[in-house]
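Each chain is listed here by its residues.
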Amino acid sequence: MPQHHFFYDLHYIMSTLLEKHIVELLQERDEKAISLLYEHYGDTLLGVANKVVRNEELAQDVLQESFVKIWKKSDSYDSSKAKLFTWLFRITRNTAIDKLRSVNTKSDKEIQIDVSDVYNLGVNSTRPEFMDVRENLEKIESKYQIVLDALFFQGMTQQEASDELDIPLGTIKSRLKIGLRELKKIYGPTLLLVLSLNLIP
Amino acid sequence: MKEKIQQFLDSDLLENYLLGTTADTETLQVERYIAMHPEVRETYDELQENLETFAKLHAIKAPDALKEKILTSIRKESMARKYFYRFAVAASFAILVSVGAGYFFWDQNQSLQQENAIVTNKIDDLEETMREQLEDVRNQFIVLHNPETKKYSVKGNKKAEELKAVAYVNPVKKLSYINVSKLPNLPEDQCYQMWAEVNGKMVNLGIIHEADSQEKLLALPYSDSAVGYITIEPKGGNQSPTVENIVANITY
């Protein structure tokens, strides 16, 4: 649909402008940068932290630490090397992994991360504001999700994913390809949704 | 080259780089590939897009209270940084000032020490000179007022008939002095020089200056049978007396 392309382009331009604006504010060490980052990336980054530590309370600690790091490192961001989100993602994911390690090395009694925390995801998905996102996630078959998960969140190599999930490497590769294609299909509607939300105020 | 790129894309390096888990050398390698090969750049950009989309699917509502907490801790961080910079600036300024002051005082101390050394030397010299002069005056006093002192009148020979001098010799104290009261004028390039032959050795006693010769008592080295001579010598004095120019001799 050509309309899709138009909205896609428009959204792309808007998000690029927003990104540029935030980066400028960051480099000027303007506090507003953090507010804008929190508004536009906070939910996603909290999700990222939660995917790693699998405990929402802990994930919030991670998010706070990550934002302080983002603030401190703001002059080290290089837009020629990574998109803003990629940079934010790296910091958040690494902070989450460090947190998980420190929690695990502490006496496990203090913070028990057990299977019940995993259900946090389930609780979240009943919140109305996440219905669209959850719906979208459900559009991707779980067998593809697992592979995407291994790649993007667990940082596994394809070989490691193959070993870990006990799936042949070839299957991993093809599922990854399909998973990414499915992901792209979601793009359009999600972006339109985001776009319409952006246009309301 | 195509194969090499494919090989690179098949390795998990780009994915690891995306997540920020590559080692430093790997990071440089990946960044080089991205910069040099458009197809790698394209794959990387696509991965970045996919990552963002996939991550968004897992979003959880971040509470507003957390935002406030974050902003508070960032303000604290900025404050600490600001104070640190202020402190650093103040500290470096203080260090600069104290280094400057330190150098100034060191320099001053150094020159004061030099001055001190010079003054001490001068005082030592003065003391020495005064001691010598006092000793001389004391001896003169002894010689002149001692009843044992013998007084000899000295007169010049044909070469200097006007020459008049008085020698004082005290054999008890073993001191002898001479007072040259009158010296005939000499051409510009000549001068009178005093000598003494003591135990067969000729001792140079120096040039007699007309100006001060009348008031001054010139010390002579004492010996039981010494002879004093006055000679005419070229200006500036001579190493040994010119015998034919002897104008007076004093036996004492």
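Residues numbered from 1 in each chain as written. Chains lettered and ligands numbered in written order. Predicted model: local features only at pLDDT ≥ 70, side-chain atom pairs only at ≥ 80, totals over all residues.

A word on the overall build of chain B
Moving on, step 1. A count of helical and extended segments in chain B gives six helices and eight strands.
Moving on, step 2. Mapped in sequence order, the helices and strands of chain B form the string α-α-α-α-α-β-β-β-β-β-α-β-β-β.
Moving on, step 3. Out of the 252 residues belonging to chain B, those deemed buried represent 20%. (Helix = DSSP H or I, 4+ residues; strand = E, 2+ residues; numbered from the N terminus. Buried ≥ 20, exposed ≤ 12 C-beta atoms within 10 Å, placed from the backbone.)

A few points about the nonpolar core
Moving on, step 1. Core analysis: the biggest nonpolar cluster contains 56 residues, and A:Ile34, A:Ala49, A:Leu63 and A:Leu88 have the highest contact counts within it.
Moving on, step 2. When residues in this core are grouped by element, the largest group, 11 residues, is from helix H2 (residues 32–53) of chain A.
Moving on, step 3. Discounting residues that sit within four places of it in the chain, A:Leu88 has contacts with A:Tyr41, A:Leu45 and A:Ile70.
Moving on, step 4. Of all hydrophobic cores here, the second largest spans 22 residues; its members include B:Ile178, B:Met194, B:Trp195 and B:Ile250. (Core = buried A, V, L, I, M, F, W, Y, C linked by C-beta atoms within 7 Å. Contact = placed C-beta atoms within 7 Å.)

Structural notes on the packing of H2(A) against helix H3 (residues 56–72) of chain A
Residues and elements named next belong to chain A.
Moving on, step 1. Following both chains from N to C, one finds H2 and H3 inclined at 135°, their axes separated by 8 Å at the closest point. By the angle between their directions, the pair H2 and H3 is classed as oblique. Handedness of the H2/H3 crossing: right-handed. For the pair H2 and H3, the contacting residues are Ile34, Leu37, Leu45, Leu46, Ala49, Asn50 and Val53 in the first and Glu56, Leu58, Ala59, Gln60, Val62, Leu63, Ser66, Phe67, Ile70 and Trp71 in the second. (Axes fitted to C-alpha atoms, helices over the stretch in contact; angles between N-to-C directions. Parallel < 35°, antiparallel > 145°, perpendicular 65-115°, else oblique. Left-handed = near helix turned anticlockwise from the far one by under 90°.)

Quick notes on the sheet that holds strand E5 (residues 201–208) of chain B
All names here are of chain B.
Moving on, step 1. Judged by pairing direction, the sheet is antiparallel, and its four strands sit side by side in the order E5-E4-E7-E8 without closing on themselves. Both outer strands of the open sheet, E5 and strand E8 (246–251), are each paired with one neighbouring strand and no more. For this sheet, the mean inter-axis angle between neighbouring strands, taken without regard to orientation, is 25°.
Moving on, step 2. Relative to E8, strand E7 (residues 227–234) runs antiparallel, the two being bridged by five bridges. Bridging across to E8, threonine 231 finds its partner in isoleucine 246. (Pairing = 2+ DSSP bridges.)

Quick look at the packing of H3(A) against helix H4 (residues 84–105) of chain A
All names here are of chain A.
Moving on, step 1. Contact geometry of H3 with H4 gives a least axis separation of 9 Å together with a crossing angle of 130°. By the angle class used here, H3 and H4 are oblique. Crossing hand, H3 versus H4: right-handed. Within the contact between the two elements, H3 uses Leu58, Asp61, Val62, Leu63, Glu65, Ser66, Lys69 and Ile70 and H4 uses Leu88, Ile91, Thr92, Thr95, Ala96, Lys99 and Val103.
Moving on, step 2. Broken down by class, the residue content of the contact of H3 with H4 amounts to eight nonpolar, three polar and four charged. (Nonpolar A, V, L, I, M, F, W, Y, C, P; charged D, E, K, R; others polar.)

Focus: the interface of chain A and chain B
Moving on, step 1. Facing the 45 residues of chain A at the interface are 29 residues of chain B.
Moving on, step 2. Of all the secondary-structure elements, those providing two or more residues to the side of chain A that touches chain B are H2, H3, H4, helix H7 (131–139), helix H8 (142–152) and helix H10 (169–199) of chain A.
Moving on, step 3. If one sorts the elements of the side of chain A that touches chain B by residue count, H2(A) sits on top with 11 residues.
Moving on, step 4. Residue classes in the side of chain A that touches chain B are distributed as 20 nonpolar, 14 polar and 11 charged.

Here's the deal with the confidence of the model for chain A
All names here are of chain A.
Moving on, step 1. The predicted model of chain A has a mean per-residue pLDDT of 78, with 72% of residues at 70 or higher.
Moving on, step 2. Here helix H5 (residues 115–118) stands out as the least confident element of chain A, with mean pLDDT 40; H3 is the most confident, with 94.
Moving on, step 3. The low-confidence segment residues 109–129, where pLDDT is below 50, has 14 contacts with residues more than four positions distant or belonging to other chains. (pLDDT = per-residue confidence, 0-100.)

A word on the sheet that holds strand E1 (residues 150–155) of chain B
Residues and elements named next belong to chain B.
Moving on, step 1. Spatial ordering of the open sheet is given by E1-E2-E3-E6, a layout of four strands whose pairing is antiparallel. Pairing within the sheet leaves two strands with one partner each, and these edge strands are E1 and strand E6 (218–220). Neighbour-to-neighbour, the strand axes of the sheet open up by a mean angle of 25°, direction not taken into account.
Moving on, step 2. By the bridge criterion, six bridges tie E1 to strand E2 (residues 164–170) in an arrangement that is antiparallel. What sits directly across from lysine 150, in E2, is valine 169.
Moving on, step 3. In this fold helix H5 (residues 64–145) packs onto E2, strand E3 (175–182) and E6, with an angle of close to 85° to the strand it touches most, E3.

Here's the deal with the pairing of E2(B)
Residue and element names in this part refer to chain B.
Moving on, step 1. Bridge count between E2 and E3: seven bridges; the pairing is antiparallel. Bridged to lysine 164 within E3 is lysine 182.
Moving on, step 2. Turn length for the E2-E3 hairpin, with the two strands adjacent in sequence and antiparallel, is four residues, and the turn residue lysine 174 shows positive phi of about 55°.

Describing H2(A)
Moving on, step 1. Its maximal kink placed at A:Tyr41, H2(A) deviates by approximately 65°.
Moving on, step 2. Buried residues dominate H2(A), accounting for 16 of its 22 residues. (Bend = angle between axes of the 7 residues up to and from the residue.)

Points about the environment of B:Lys201
Residues and elements named next belong to chain B.
Moving on, step 1. Mapped onto the fold, lysine 201 is located in strand E5.
Moving on, step 2. A residue is classified by how many C-beta atoms lie within 10 Å of it, and lysine 201, with 10 of them, is exposed.
Moving on, step 3. Sequence separation between lysine 201 and alanine 226 is 25 residues; the distance between their C-alpha atoms is 9.6 Å.

Regarding the environment of B:Thr242
All names here are of chain B.
Moving on, step 1. Of note, threonine 242 is situated in the loop between E7 and E8.
Moving on, step 2. The exposure class assigned to threonine 242 is exposed, which follows from the 12 C-beta atoms found within 10 Å.
Moving on, step 3. Along the sequence, threonine 242 and isoleucine 232 sit 10 residues apart, while their C-alpha atoms lie 7.6 Å from each other.
Moving on, step 4. Contact partners of threonine 242, with chain neighbours within four places excluded, come to Thr231 and Glu233.

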